[in-house]
Amino acid sequence: MLLTKVLPFLVGVNNGGVELILVKEQNGVQFTSTTLVAPAQTIPSGEEERETWGKKIDFLLSVIGFAVDLANVWRFPYLCYKNGGGAFLVPYLFFMVIAGMPLFYMELALGQYNREGAAGVWKICPIFKGVGFTVILISLYVGFYYNVIISWALFYLFSSFTRELPWVHCNNTWNSPNCSDWADNSSIGDIYKATPAQEYFERAVLHIQDSNGIGDLGRPRWQLTSCLAVVIILLYFSLWKGVKTSGKVVWITATMPYVVLTVLLLRGVTLPGAIDGIKAYLSVDFLRLCDAKVWIEAATQICFSLGVGFGVLIAFSSYNKFSNNCYRDAIITSSINSLTSFFSGFVVFSFLGYMSHKHNVALDKVARDGAGLVFVIYPEAIATLPGSSVWAVIFFIMLLTLGLDSAMGGMESVITGLIDEFKFLHKHRELFTLFIVVSTFLISLFCVTNGGMYVFTLLDHFAAGTSILFGVLIEAIGIAWFYGVDRFSDDIKEMIGHRPGRYWRLCWKFVSPCFLLRLAYAITPETEHHLVDNGEVRQFTVSVTLSLIIIFLA
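This one's a predicted model, so the numbers in the text were calculated from it and none came from an experiment.

Caption draft 1: Layout of the overall build of the protein. Counting secondary structure elements, the protein contains 21 helices and 3 strands. For the protein, the residues scored as buried account for 54% of the 554 residues in total. Within the protein, counting contacts between residues at least 6 apart in sequence, those at least 24 apart form 77% of the total. Here the protein has roughly 24800 Å² of accessible surface; of this, 64% comes from carbon and sulfur atoms.

Set out below in structure tokens:
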């Protein structure tokens, strides 16, 4: 008679796995088999399951869409042209390698491991939680004026649906006696002359002429207010359900700019003078590298272009799967951002070369950066093309999509950072998102008044300048020196299976903090430097500043 008895029992735990030994007794003889059962994947921070991106590509497009913003189009090409052309790429790539990529990688890894927003991740070192709230506040500040830029683009988009663009002639009701077409304006340096495109932006869109200064703002303009309301509505319905909705929206907002840039480049290179503009953009002047200002502008551009310090990268990566390869993501997305900046320069300077040729003026007379490029010079160039209304619609759709996904990133940083810190908000994400976007809208109304440009300039200069650099500096110090590079490297190994190389660890501990500290001082206006040297302006030393920050955080 065959007698069989099976006795399963637990023997122990081996490296986190459960060892199961199956004992089978048959006619008095025991047979054993051993199985190592791997436990379910554990998440260090998690008491509850966290929402994740629907697809990996949703995350990549969201990061790319946030990092690639209006500054890639209106700032980098001009800086490259002004600072030695192709030679400018030397300091730009240098700072990208020693600071940009390491900080980008650090924030992605920090968010993914801890799976919380910009404030919540500092449970690893609670004394630095103030840094998290600081970057959330800065992202909120930036939203107050960044959404206004998008509303300008929307205003221009609506204005482009006409047979003749409204910034072509000087015979409109908003034009002043100083308005002069380029063809009639032989003295380009005449400060009393203004082109139709310039007056359209300043007098028809902004209505600066109706304000005497920041003390005379007036009421919000209904046209810009309506455009701003549309922008806020788009942001709300992109964010209200979390990354499940925003991850789908970026399929349009993050890819559309590349399609439009390619179309504009194909049209731009066919214009007379375009090749001369591109040559000026790429011309190499290595002597410019002897100027410290060139290196400072390269460092500033790479720091702000990648978007570190806003809490957005931390928020986005916190929705990744725990085992996601954040190292590869950091390399891919930061490289795409820089390549996009370089590519957009060909588009911009093909049209600037055309403008220079058409009006027979030097290129430096038409080359500029900032809002003046995309709301004055570019619209003016487009207005001279056959089918100008179609090209204008295409161009301003690009600006709209460039701005929207960056604005979505900033809002997500605020929303994720706060609902992760105050857990009861998780159940009311839709209402809390509505509260944030409506609050942003109400503050932004100050920027769409007659004197709104003064408020806009104030926010633009002081909302996210040195404050962001010091925020990232303290963040890097907190990770590298307080939490510890070794512990941080072990966290990364737990996620992706290997520790970061020695290069990354050295950058996090020494190179990047020194870079940020030097840059934060370097971007102080030169006029202020000489006042400080003369003792006319009080300036905190670095040691005093850091001491105050530490006291505040404590």
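What follows continues from the structure just given.
Caption draft 2: Structural view of the side chain of Ser 139. On the secondary structure map, Ser 139 appears in helix H5 (residues 129-159). Not counting the four nearest positions on each side in its chain, Ser 139 is found in contact with Phe 310, Gly 410, Ser 413 and Val 414.

Caption draft 3: How the structure looks around helix H18 (residues 466-496). If you check H18, its first and last C-alpha atoms are just 34 Å apart, much less than what 31 residues at 1.5 Å a residue would give, namely 45 Å. Along H18, the sharpest kink reaches roughly 100°, centred on Gly 484. In the segment just after H18, Gly 497 is the residue with positive phi, at about 95°.

Caption draft 4: Representation of the UniProt feature "binding site: Na(+)" (unreviewed entry) in the protein within the structure. In the numbering used here, UniProt assigns the feature "binding site: Na(+)" (unreviewed entry) to Gly 65, Ala 67, Val 68, Asn 72, Ser 305, Asn 337, Leu 402, Asp 405 and Ser 406. Taken along the chain, the residues just named run across 342 residues; in space they keep tight, none of their C-alpha pairs more than 14.2 Å apart. Structurally, the position occupied by Gly 65 is in helix H1 (residues 56-67). For Gly 65, a relative accessible area of 3% puts it in the buried group. Excluding its chain neighbours within four sequence positions, the residues that come into contact with Gly 65 are Ala 254, Leu 402, Asp 405 and Ser 406. Ignoring anything within four residues of it in the chain, the contact list for Leu 402 reads Gly 65, Val 68, Asp 69, Leu 70, Val 73, Tyr 146 and Pro 257.

Caption draft 5: View of the pattern of salt bridges. In the structure shown here, the tally under the stated rule is 12 salt bridges. Asp 490 is the salt-bridge partner of Arg 499, the closest N and O atoms lying 2.4 Å from each other. We classify Asp 490 as partly exposed; its relative accessible area is 39%. Where salt bridges share partners, they join Glu 116, Lys 123 and Lys 423 into one cluster.

Caption draft 6: A look at the environment of Ile 436. For Ile 436, the location among the structural elements is in helix H16 (residues 429-444). Residues Ile 436 and Met 411, 25 residues apart in the sequence, show an inter-C-alpha distance of 8.0 Å. Those residues in contact with Ile 436 that lie beyond four places of it in its chain are Leu 140, Met 411, Val 414 and Ile 415.

Caption draft 7: Representation of the confidence of the model for the protein in the model. Confidence in the prediction of the protein, expressed as mean pLDDT, is 86, and 84% of residues score 70 or more. When the elements of the protein are averaged for pLDDT, helix H21 (residues 542-553) gives the smallest value, 41, and helix H12 (residues 312-317) the largest, 97. The low-confidence segment residues 183-189 (pLDDT under 50) makes 6 contacts with residues lying over four places distant or belonging to another chain.

Rules used throughout
- Residues numbered from 1 in each chain as written.
- Predicted model: local features only at pLDDT ≥ 70, side-chain atom pairs only at ≥ 80, totals over all residues.
- Heavy atoms only, no water.
- Helix = DSSP H or I, 4+ residues; strand = E, 2+ residues; numbered from the N terminus.
- Buried < 20%, exposed > 50% of the residue type's maximum accessible area, 1.4 Å probe, protein only.
- Contact = heavy atoms within 4.5 Å.
- Areas by Shrake-Rupley, 256 points an atom, 1.4 Å probe, with all protein chains shown as cover.
- Expected span 1.5 Å × (residues − 1).
- Bend = angle between axes of the 7 residues up to and from the residue.
- UniProt positions renumbered as here; feature names shortened; annotations may be inferred.
- Salt bridge = Lys/Arg side-chain N within 4 Å of Asp/Glu carboxyl O.
- pLDDT = per-residue confidence, 0-100.

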